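# Understanding the architecture of this molecule
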Amino acid sequence: MNVTAETATTTSDDVASNVSLILGEMGHTASRIDYGQVSRLADEISGAERVFLAGAGRSGLVLRMAAMRLMHLGKTVHVAGDTTTPAINAGDLLIVASGSGTTSGVVKAAQTALSAGAQVAAITTNPSSPLAGLAQTVVVIPAAQKTDHGSDVSQQYSGSLFEQSLFLVTEAVFHSLWGATDEPAEQLWLRHANLE
């Protein structure tokens, strides 16, 4: 291996400092979320016949994790774009996430869901976005959008704080819904994928 003056080195202090930065930003953001909005999202999930989730990029990956947890609860869950995802209908809920609230594919999914008679819940940083305008339930995460480079909201790169907070919110919803049941973890585990 050729080591040059341009080779970056990372110390344990660098890593510890960055962990502290991320945790601090997440804590600050979490303290500013309206948990009444999150509670309404949990209620929408609980009352839906089926739950669909749609997001692009890293937000979409977080929603895939949420889909797994909802499946563990026994909900019928589908991720938009998967080859086995059926048509959405009245009685269903579409959960969408986009920091900007303008991601074209996600906005289109919300429009399609509404035209089919389904409910839409949006998680975004932008309450005045087209996506938020389509949703009956909106959870606003007060984080920087991915194009807010040099923002004083976050020192992290390109939407990371939104995606981290999205994970935190969806995990809190899962735990709240699970807490409302009497199912032990062992029962949820029986639903876990066994073709791995």
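Now for a description of the structure that goes with this document. (Residues numbered from 1 in each chain as written. Predicted model: local features only at pLDDT ≥ 70, side-chain atom pairs only at ≥ 80, totals over all residues. Heavy atoms only, no water.)

### Comments concerning the overall build of the protein
Spelled out, the test is: The way it works is that DSSP assigns letters per residue, a run of H or I at least four long becomes a helix, a run of E at least two long becomes a strand, and they are numbered from the N terminus. Residue exposure (1.4 Å probe, protein chains only): buried if accessible area is under 20% of the type maximum, exposed if over 50%, otherwise partly exposed. The contact definition used throughout considers only heavy atoms, calling two residues in contact when any of these lie within 4.5 Å. Each accessible area is a Shrake-Rupley result for a 1.4 Å probe, and residues are judged covered by the shown protein chains and nothing else. In summary, the charge assignment counts Lys and Arg as positive and Asp and Glu as negative, without counting His or the chain termini. For this purpose, a charge sits on NZ of Lys, CZ of Arg, CG of Asp or CD of Glu.
From N to C terminus, the protein includes seven helices and five strands. Listed by position from the N terminus, the elements making up the protein come as α-α-β-α-β-β-α-β-α-β-α-α. Dimensions of the protein along its principal axes, counting C-alpha atoms only, are 60 × 40 × 35 Å. In the protein, buried positions account for 41% of the 196 residues. Considering only contacts in the protein between residues 6 or more positions apart, those separated by 24 or more positions represent 69%. When the accessible surface of the protein is split by element, carbon and sulfur atoms take 54% of a total near 10800 Å². For the protein, the separation between the mean place of its 10 positive charges and that of its 18 negative charges on side chains is 8 Å.

### Notes on the pairing of strand β3 (residues 93-97)
Rules: When the strands point away from the viewer, a crossover counts as right-handed if the route from the first strand across the helix to the second turns clockwise.
Of all five residues that make up β3, five are buried, and the element is covered over most of its length. Burial of β3 is two-sided: the residues L93, I95 and A97 facing one way and the residues L94 and V96 facing the other way are all buried. You can see the chain leave β3, run along helix α4 (residues 104-115) and come back into strand β4 (residues 119-124), and the turn it takes is right-handed.

### Overview of the environment of D92
This is how the line gets drawn: Counted as a polar contact is a pair of N or O atoms within 3.5 Å, where, for protein atoms, one must be capable of donating a hydrogen and the other of accepting one, and residues adjacent in sequence contribute only when both atoms are in side chains.
In this fold, D92 is placed in the loop between β2 (77-79) and β3. Distance from D92 to A143, taken between C-alpha atoms, is 28 Å for residues 51 residues apart in sequence. The residues contacting D92, other than those within four sequence positions of it, are E49, R50, F52, A87, A118 and Q119. For D92, the side chain forms a polar contact with the side chain of R50, separated by 2.6 Å. Engagement of the side chain of D92 in a polar contact is seen with the backbone nitrogen of N89, the distance being 2.8 Å.

### Considerations on the environment of E163
Residue position: E163 is located in helix α6 (residues 160-179). The contact partners of E163, leaving out residues within four places of it in the chain, are R58, S59, V62 and S158.

### Section: the sheet that holds strand β1 (residues 51-55)
Note the cut-off: Two strands are said to pair when DSSP picks up at least two bridges between them. Orientation is described by axes fitted as lines to C-alpha atoms, over the contacting stretch for helices, and by angles from 0 to 180 degrees between their N-to-C directions.
One open sheet accounts for five strands, arranged β2-β1-β3-β4-β5; its pairing is parallel. Taken across any chain shown, the strands that pair with only one partner, and hence form the sheet edges, are β2 and β5 (137-140). For this sheet, the mean angle separating the axes of adjacent strands, direction not counted, is 15°. Alignment of β1 against β3, held across five bridges, turns out to be parallel.

### Some details on the nonpolar core
Quick reminder of the rule: Among the buried residues, those of types Ala, Val, Leu, Ile, Met, Phe, Trp, Tyr and Cys that are joined through side-chain atoms within 4.5 Å form a nonpolar core.
Of all hydrophobic cores here, the largest spans 33 residues; its most connected members are L41, I45, L53, I95, I123, I141 and L166. Residue assignment for this core shows that the elements contributing at least two residues are α2 (35-47), β1, α3 (57-72), β2, β3, β4 and α6. In this view, I123 contacts L41, I95, V96, A97, S98, V139, I141, F162 and L166; residues no more than four positions away in its chain are not counted. The next biggest cluster of nonpolar side chains, apart from the first, holds 14 residues, and it includes A54, A113, A118 and V120.

### What about the layout of surface pockets?
Selection rule: The distinction between a cavity and a pocket rests on a 1 Å grid over the protein atoms alone: a 1.4 Å probe fits inside a cavity but cannot get out, while a pocket stays open yet meets protein on both sides within 12 Å along at least five of seven lines, and a residue with an atom within 4 Å of a point counts as lining. Grid points are joined across faces, edges and corners, and a volume is the space filled by probe spheres set on the points.
If you add up the space inside the second largest pocket, you get close to 160 Å³. Together, R64, A67, M68, V77, H78, V79, D82, T84 and T85 line the second largest pocket. For the lining of the second largest pocket, the elements supplying multiple residues, two or more each, are α3 and β2.

### Considerations on α4
In an α-helix, one turn spans 3.6 residues, which is why side chains three or four residues apart end up on the same side. Convention followed: One less than the residue count of a helix, multiplied by 1.5 Å, gives the span that helix is expected to have. By arc we mean the arc of the directions from the helix axis to the C-beta atoms, nothing more.
With 12 residues, α4 extends 16 Å from end C-alpha to end C-alpha; this agrees with the ideal 16 Å at 1.5 Å per step. By the burial criterion, the buried members of α4 are V106, V107, A110 and A113. Projected down its long axis, α4 shows its buried positions confined to an angular sector of 120°, all on one face. Looking at α4, the residues exposed on the side facing more than 90 degrees away from the buried face are S104, K108 and S115.

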